[in-house]
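Each chain is listed here by its residues.
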Amino acid sequence: MINIYEVNETNKMVEQENLDVRTITMGISLLDCCDENLEKLNEKIYEKITRLAKNLVSTGEAISKEFGIPIVNKRISVTPIALVGGSACHSPEDFVTIAQTLDRAAKTVGVNFLGGYSALVSKGMTQADRNLILSIPKALATTERVCSSVNVGSTKTGLDMDAIKLMGEIVKKTAEETKEQDSLGCAKLVVFCNAPDDNPFMAGAFHGVTEADVIINVGVSGPGVVKTALEQVRGENFEVLCETVKRTAFKVTRVGQLVAQEASARLGVPFGIVDLSLAPTPAVGDSVAEILEEMGLESVGAPGTTAALALLNDQVKKGGVMASSYVGGLSGAFIPVSEDQGMIDAVVRNALTIEKLEAMTCVCSVGLDMIAIPGDTPASTISGIIADEAAIGMINQKTTAVRLIPVIGKGVGETVEFGGLLGYAPIMPVNPFSCEAFVNRGGRIPAPIHSFKN
């Protein structure tokens, strides 16, 4: 049983160390909204979301005020729309109407983002999947709060290289469609391998088909808390270092467990999971990079960075899993560039490259996240980067993802401002050598041998 005394213990973390609950995300199944008539489908989607989520924002605000815990975002995730819209949508344009309905519903209930404009194509694409994917650039350009994701591979199925090739083109088209906003649409688009069904974090959240009709998932965050704890054990050995991270992660996750239980009870919705990821923000002192540097690195990106990140990720999970009844989602350490001031500084001082970030994703949560690249980067190069990251996830049986932003009209050395939690980013160089012939082969890369466990 969690009590208020445990929350009071975290007051210092909240006030001085940027502890927050990053998001309460309500997952909603739209499978019962399916209809062959597009107009009726949109009506059913709008009605169900606005009915179930009408009190989500006010409940989150009430819990935040009562317990003194910042709850930064209130969000919604829905069933992958490629599944919901398959019968009614016969063109990409039809799917765009659903995106606009989702956006309208999100604005009505007051959430900041709604995820699930998604397709799951790890082994192949249906016509509905293809139409949704083709609609993504227009959908993200004509909505404000809708987020999109596409799962292109898994350990059990291998990699769908046709989908990966297409997603390189879609990322580029999304950048073009939103070039007046520094290609901001790409910040709302994630390409996954091994995507989890219960991720509360945007832009990759969707409500998996294995989930209940409606559910509450919570994502916690606390890089600043971990860094402050490590400052107290500076110079100690790795055993002390690990124990400190683990104990701190326990306390941070305990706060998320309380918020999840309270939100579940007050909304009358089952509690799903706590995602115990360390999610940074652009705020000073809220950086995963600074945690790694506190461990003894002159700069994130230096030799030893991957080992330090592996240690951090593992100890966060060990501490967090003891603090919550149900841990899920992505759970670990995020390393987005634009959302982490320490990462930004490392890029500016030339300590951190895309290649080093790729190596780091072998041991952390998710993958190449919020990385701005030159606007003239070929679509095939983007596809190649997606394939590399998906291969890491497939072979290592973990979730990996890519959120690249080719900023149209800008190049290496320039900076792009996204604002808010999305922060700002220096545009990073990409390898200039082509992978076009590789990407154009088509077909699938088979699942690895260790996937056959039946």
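Before any of the text, the structure's been laid out above.
Below is a summary of the structure that appears in this document. (Residues numbered from 1 in each chain as written. Predicted model: local features only at pLDDT ≥ 70, side-chain atom pairs only at ≥ 80, totals over all residues. Heavy atoms only, no water.)

### Let's talk about the overall build of the chain
In step 1: A tally of helices and strands in the chain yields 16 helices and 14 strands.
In step 2: Taken over C-alpha atoms, the radius of gyration comes to 21 Å for the chain, in line with the 22 Å a tight globule of 454 residues would show.
In step 3: The C-alpha extent of the chain, read off along each of the three principal axes, is 60 × 55 × 50 Å.
In step 4: The buried share among the 454 residues of the chain stands at 63%.
In step 5: Taking all contacts inside the chain whose residues are at least 6 apart in sequence as the whole, residues at least 24 apart take part in 78%. (Helix = DSSP H or I, 4+ residues; strand = E, 2+ residues; numbered from the N terminus. Rg over C-alpha atoms; globule rule 2.2 N^0.38 Å. Buried < 20%, exposed > 50% of the residue type's maximum accessible area, 1.4 Å probe, protein only. Contact = heavy atoms within 4.5 Å.)

### Brief notes about the sheet that holds strand β1 (residues 20-28)
In step 1: If you walk across this open sheet you meet the nine strands as β9-β8-β1-β2-β3-β4-β7-β11-β10, and the pairing is mixed. Every interior strand has two partners, whereas the edge strands, β9 (271-275) and β10 (368-374), have only one. Taking each pair of neighbouring strands and ignoring which way they run, the sheet shows an average axis angle of 25 degrees.
In step 2: The pairing of β1 with strand β2 (residues 71-78) spans seven bridges and is parallel. Bridge assignment links Thr-23 to a residue of β2, and that residue is Asn-73.
In step 3: Packing against the sheet, helix α8 (residues 161-177) makes contact with β4 (146-151), β7 (189-193) and β11 (400-407), and its axis sits at approximately 165 degrees to β7. (Pairing = 2+ DSSP bridges. Axes fitted to C-alpha atoms, helices over the stretch in contact; angles between N-to-C directions.)

### Some words on the pairing of β7
In step 1: Burial analysis of β7 places five of its five residues in the buried class, the great majority of the element.
In step 2: Alternating positions in β7 separate into two faces, Leu-189, Val-191 and Cys-193 on one and Val-190 and Phe-192 on the other, with burial throughout.
In step 3: Pairing geometry for β4 and β7, over four bridges, is parallel. What sits directly across from Asn-151, in β7, is Phe-192.
In step 4: Sheet topology places β7 next to β11; three bridges connect them, and they run antiparallel. Bridge pairing in β11 links Val-191 to Val-402.

### Quick word on unusual backbone geometry
In step 1: Looking along the chain, the bond that leaves Met-202 and enters Ala-203 is cis, with omega of 10 degrees.
In step 2: In this fold, Ala-203 is placed in the loop between β7 and β8 (214-221).
In step 3: Backbone geometry places Ser-183, a non-glycine residue, at a positive phi of 60 degrees.
In step 4: Checked against the element boundaries, Ser-183 lands in the loop between α8 and β7.
In step 5: A relative accessible area of 0% places Ser-183 in the buried class.
In step 6: Not every positive phi belongs to a glycine, and Asn-350 is a case in point at roughly 65 degrees.
In step 7: Tracing the chain through its elements places Asn-350 in the loop between α13 (341-348) and α14 (354-360).
In step 8: According to the relative accessible area criterion, Asn-350 is exposed, its value standing at 68%.

### Quick word on the pairing of β1
In step 1: Across the nine residues of β1, nine count as buried, placing the element largely inside the fold.
In step 2: One ladder, built from eight bridges, connects β1 with β8; its direction is antiparallel. Following the sheet pairing, Ile-24 is matched in β8 by Val-218.

### Some thoughts on the pattern of salt bridges
Side chains that differ in sign of charge can pair as their charged atoms come close.
In step 1: Throughout the structure, instances matching the rule amount to 17 salt bridges.
In step 2: One salt bridge connects Asp-103 with Lys-107, and the closest N-O pair in it is separated by 3.3 Å. One end of the pair is Asp-103 and the other is Lys-107, both in helix α6 (residues 92-109) and four residues apart, which spans about a single turn.
In step 3: By relative accessible area, Lys-107 is classed as partly exposed at 37%.
In step 4: Taking the shortest distance from any N to any O, the salt bridge between Lys-107 and Glu-144 comes out at 3.5 Å. Taken as a pair, Lys-107 in helix α6 and Glu-144 in the loop between α7 (127-141) and β4 lie far apart in primary sequence, 37 residues in all.
In step 5: Owing to a relative accessible area of 53%, Glu-144 belongs among the exposed residues under this scheme.
In step 6: Put simply, Asp-32, Lys-48 and Asp-213 are held in one network by salt bridges that share partners. (Salt bridge = Lys/Arg side-chain N within 4 Å of Asp/Glu carboxyl O.)

### Some points on the packing of aromatic side chains
Each pair of aromatic rings is reported with the distance of its centres and the angle of its planes.
In step 1: Tallied over the entire structure, the rule returns one aromatic pair.
In step 2: Between Phe-271 and Tyr-326 the ring centres are 6.0 Å apart and the planes differ by 65 degrees, which places this aromatic pair in the edge-to-face class. Taken together, the residues Phe-271 in strand β9 and Tyr-326 in the loop between α12 (305-321) and α13 connect sequence positions 55 residues apart.
In step 3: Note on Phe-271: relative accessible area 18%, which makes it buried.
In step 4: The lysine or arginine in question, Arg-104, covers the ring of Tyr-46, its NZ or CZ lying 4.2 Å from the ring centre. (Phe/Tyr/Trp six-rings, centres within 6.5 Å; stacked < 30°, edge-to-face > 60°. Lys NZ or Arg CZ within 6 Å of the ring centre and 35° of its normal.)

### What to know about the environment of Ser-287
In step 1: Mapped onto the fold, Ser-287 is located in the loop between β9 and α11 (288-294).
In step 2: Discounting residues that sit within four places of it in the chain, Ser-287 has contacts with Pro-223, Pro-280, Asp-340 and Gly-342.
In step 3: Here the side chain of Ser-287 touches Asp-340 through a polar contact of 2.5 Å, side chain to side chain. (Polar contact = N/O pair within 3.5 Å; in protein donor to acceptor, adjacent residues only side chain to side chain.)

### Section: the sheet that holds strand β5 (residues 153-154)
In step 1: Read from one edge of the open sheet, three strands run β5-β6-β14, paired in antiparallel fashion. With one partner strand each, in any of the chains shown, β5 and β14 (444-445) form the two edges of the open sheet.
In step 2: Judged from the two bridges that link them, β5 and strand β6 (residues 158-160) form a sheet pairing that is antiparallel. Following the sheet pairing, Gly-153 is matched in β6 by Leu-159.

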